[in-house]
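# Fold and geometry: a report
Each chain, letter by letter, is given below.
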Amino acid sequence: MKNAASPARPCRRRRTALLLSCLSIPGVALPAYGRAVAPCSAPAAGWCLARRIAGSIANGELGFRFGEPLDVDGDGHADIAAGARFKLQHKTSQAGSASVWSGATGRLIRSWDGEWSDGLFGHSVVPVPDISGDGLADLIIAAPHASLDGSARGIVVARSPKTGRELWKRIETESGNLGWDMALAGDQDRDGNPDLFVGAPMEDSGRVYLLSGKDGSVLRTYSPPEPAGSFGWYVARLDDLDGDGRPDLAVGAPFAKDARGERVGTVWALSSANGKELHRWQGTDPRGGFGEVLAAIGDLDGDGKGEIMIAAPGTEDPKRTIPGELHIYSGASGKELRHWSGRQDGELYGRMVVAAGDLDGDGVEDLAIGAPWYRRGTADMVGRVELRSGRSGQVLYEFSGDEADCWFGWHIRRAPDPAGRGRPALLIGSLRHPVDGKVGVGVLDLYVLRRASKGGDHGTTTRGSRRSDIR
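Here's a quick rundown of the structure. (Residues numbered from 1 in each chain as written. Predicted model: local features only at pLDDT ≥ 70, side-chain atom pairs only at ≥ 80, totals over all residues. Heavy atoms only, no water.)

The subject of this paragraph is the overall build of the protein chain. For the protein chain, the helix and strand inventory stands at one helix and 34 strands. Across the 471 residues that make up the protein chain, the buried fraction comes to 59%. Contacts in the protein chain between residues far apart in sequence, at least 24 positions, make up 55% of those at least 6 positions apart. For the protein chain, the exposed surface amounts to about 17200 Å²; the carbon and sulfur share of it is 47%. (Helix = DSSP H or I, 4+ residues; strand = E, 2+ residues; numbered from the N terminus. Buried < 20%, exposed > 50% of the residue type's maximum accessible area, 1.4 Å probe, protein only. Contact = heavy atoms within 4.5 Å. Areas by Shrake-Rupley, 256 points an atom, 1.4 Å probe, with all protein chains shown as cover.)

What follows deals with the pattern of salt bridges. Side-chain pairing between opposite charges can occur once the charged atoms of the two side chains come close. Evaluation of the coordinates by the stated rule reveals 24 salt bridges. Note that R280 and E226 form a salt bridge whose closest N and O atoms lie 3.2 Å from each other. Of this pair, R280 sits in strand β23 (residues 277-282) while E226 sits in the loop between β19 (218-222) and β20 (234-238), and the two are 54 residues apart along the sequence. On the basis of relative accessibility, which here comes to 38%, the residue E226 falls in the partly exposed class. A salt bridge links E292 to R351, with the shortest nitrogen-to-oxygen separation between them at 3.5 Å. (Salt bridge = Lys/Arg side-chain N within 4 Å of Asp/Glu carboxyl O.)

Moving on, we get to the pairing of strand β33 (residues 425-430). For β33, a buried count of six out of six residues is recorded, marking the element as mostly surrounded by other parts of the structure. Of the two faces of β33, both are covered, the one formed by A425, L427 and G429 as well as the one formed by L426, I428 and S430. Where strand β32 (residues 408-414) lies against β33, five bridges are found, and the strand directions are antiparallel. Bridge assignment links H411 to a residue of β33, and that residue is G429. Two strands pair when backbone bridges link them, and β33 and strand β34 (residues 443-450) are joined in this way by six bridges, in the antiparallel orientation. Its bridge partner being in β34, I428 is matched across the sheet by D445. (Pairing = 2+ DSSP bridges.)

Applying the stated rule across the entire model yields one disulfide. A sulfur-sulfur distance of 1.9 Å marks the disulfide that ties C40 to C48. Sign of the S-S torsion, about 85 degrees for the bond between C40 and C48, identifies this disulfide as right-handed. For C48, a relative accessible area of 0% translates into the label buried. (Disulfide = S-S within 2.5 Å.)

Okay, the packing of aromatic side chains next. Evaluated as defined, the whole model comprises 14 aromatic pairs. Ring geometry for W233 versus F255: centroids 5.3 Å apart, planes at 70 degrees, classification edge-to-face. On the criterion of sequence distance, the pair formed by W233 in the loop between β19 and β20 and F255 in the loop between β21 (248-253) and β22 (266-270) is long-range, its members being 22 residues apart. Neither residue differs from the other here; W233 and F255 are each classed as buried. (Phe/Tyr/Trp six-rings, centres within 6.5 Å; stacked < 30°, edge-to-face > 60°.)

Most of strand β29 (residues 366-371) is tucked away, with six of its six residues classed as buried. Going residue by residue along β29, you find D366, A368 and G370 tucked away on one face and L367, I369 and A371 tucked away on the opposite face as well. With five bridges connecting them, strand β28 (residues 352-357) and β29 associate as antiparallel partners. Paired with M352 across the two strands is G370, which belongs to β29.

With that out of the way, let us pick up the environment of K335. Examined against the element boundaries, K335 turns out to sit in the loop between β26 (325-329) and β27 (336-341). By relative accessible area, K335 is classed as exposed at 52%. It is 9.3 Å that separates the C-alpha atoms of K335 and W281, two residues lying 54 residues apart in sequence. Apart from residues lying up to four places away in sequence, K335 is in contact with I328, Y329 and S330.

Judged by pairing direction, the sheet is antiparallel, and its four strands sit side by side in the order β20-β21-β22-β23 without closing on themselves. With one partner strand each, in any of the chains shown, β20 and β23 form the two edges of the open sheet. Looking at each pair of strands side by side, their axes are set apart by 15 degrees on average, direction ignored. Here five bridges tie β20 to β21, and the two strands are oriented antiparallel to one another. For Y234, the partnering residue across the bridge sits in β21 and is G252. (Axes fitted to C-alpha atoms, helices over the stretch in contact; angles between N-to-C directions.)

Moving on: unusual backbone geometry. In this structure, N177 is a non-glycine residue whose phi angle is positive, near 60 degrees. Even without glycine at this site, L348 takes up a positive phi of about 60 degrees. When you line up the elements, L348 lands in the loop between β27 and β28. Its relative accessible area of 3% is what places L348 among the buried residues.

With that out of the way, let us pick up the sheet that holds strand β3 (residues 46-54). What the four strands build is an open sheet, ordered β3-β34-β33-β32; its pairing is antiparallel. Of all strands in the sheet, those bounded by a partner on one side alone are β3 and β32. When strand polarity is set aside, the average angle formed by the axes of neighbouring strands in this sheet is 25 degrees.

Below, the discussion takes up the nonpolar core. Among the nonpolar cores identified, the biggest contains 51 residues, and W47, L326, L367, L387 and F399 are the most heavily contacted of them. With sequence-adjacent residues up to four places away left out, W47 is seen in contact with V37, A38, L359, L387, Y397, F399, P424, L426, Y447, V448 and L449. (Core = buried A, V, L, I, M, F, W, Y, C linked by side-chain atoms within 4.5 Å.)

Attention now goes to the environment of H433. Relative to the elements of secondary structure, H433 occurs in the loop between β33 and β34. According to the relative accessible area criterion, H433 is buried, its value standing at 1%. Sequence separation of H433 and A58 is 375 residues, and the distance between their C-alpha atoms is 9.9 Å. Polar contacts involving the side chain of H433 include one to the side chain of D402, which spans 2.7 Å. (Polar contact = N/O pair within 3.5 Å; in protein donor to acceptor, adjacent residues only side chain to side chain.)

Okay, the environment of G213 next. Secondary-structure assignment places G213 in the loop between β18 (206-211) and β19. A sequence separation of 18 residues divides G213 from D195, and the C-alpha atoms of the two residues are 4.3 Å apart. In this structure G213 touches I131, W168, P194, D195 and L196, once residues within four positions along its chain are discounted.

Written out as structure tokens, the structure reads:
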């Protein structure tokens, strides 16, 4: 796969010397709808900033893709893991690195450097429930450009944060770019360990593997029903759509061609058990990158099945003339339920989307949408994140990045409440946020929605009954 297919790499080279004024100080107030987001140490209702994890590597781009925080050190707090895939070794090789920080204190627990020249180790870092037998969460780390016999095959490694040791390693031998995206798949083989969906997209083809969490062996291979470039670019675990008791799989191929030969992008919902096609959706605009990002969300239309969110953020538009779009489709019928567009050309609206829990307390799951190239005045690529109601589609809240070239909202994941009170929390990455005068470093911010009044916590992460009045 050509490196230019990734929007981060060419832009990283193009913008290396901007005069910036972002600071990476834990607890710094960030703007949202013109208001500052207070640190959680200040008494107030609404969203607050609980913790900031700052990278340290110039142009390392901390947090390209990361998973939901889990407790790796046994202190009862979920810990934060991410990688800086562009970390250099010997000043030339983008070998990358991966690290995990304490969710309680922010201290660095453990870090690893990549072993493969230009391997992009840390491109994706996914915490998984215990697979080592020590009762603590472990990490799955991808190096999708790691070479084997001179070809960028890709390697995925499982490691124990407690001991640092390697638990298993999977080296791609048939396709390429193994680990470009990864998602927890549930315990598909019923061995008591969580398994993983792992994408291996190629320019003209691709695969997705179901890997055993226990030892990294291939349990199942998924291929597109017809030739599709970049199949496996993004993968997402879905609800059990076919009724076999296992979570199913969504696969994005944002460069797949239509009947005219245009790269409009295609997304498949597949049975995890046998790869059978359950639904298929196709983009319409060659500039859109339909299927570059996918996510599951709860049952919005009351039919008992969860839905799928598909983004077309517009990364293939060289002139940045479209804002990006997000579609929500029914997991049961496949029909479109909602469709939103960004409000600013070239902002990459939908570059990340995630189910955020029930934020407004109406019993329906809500969502967070990133637009990391949003411009604020003359400041370019500041970034913003919208929180939208799953029931009405109304924008509930909006966060904004600190300053120019921060790329706030590049990646987002739901997180446990660090105080253990069950409140909604989001981990939001600013991929190129400067730190201590270094450009392109990246930071991760943990936001918490605090108790609104004496009536109780405002919003919960518990799914309630679903409304059927969605339009």
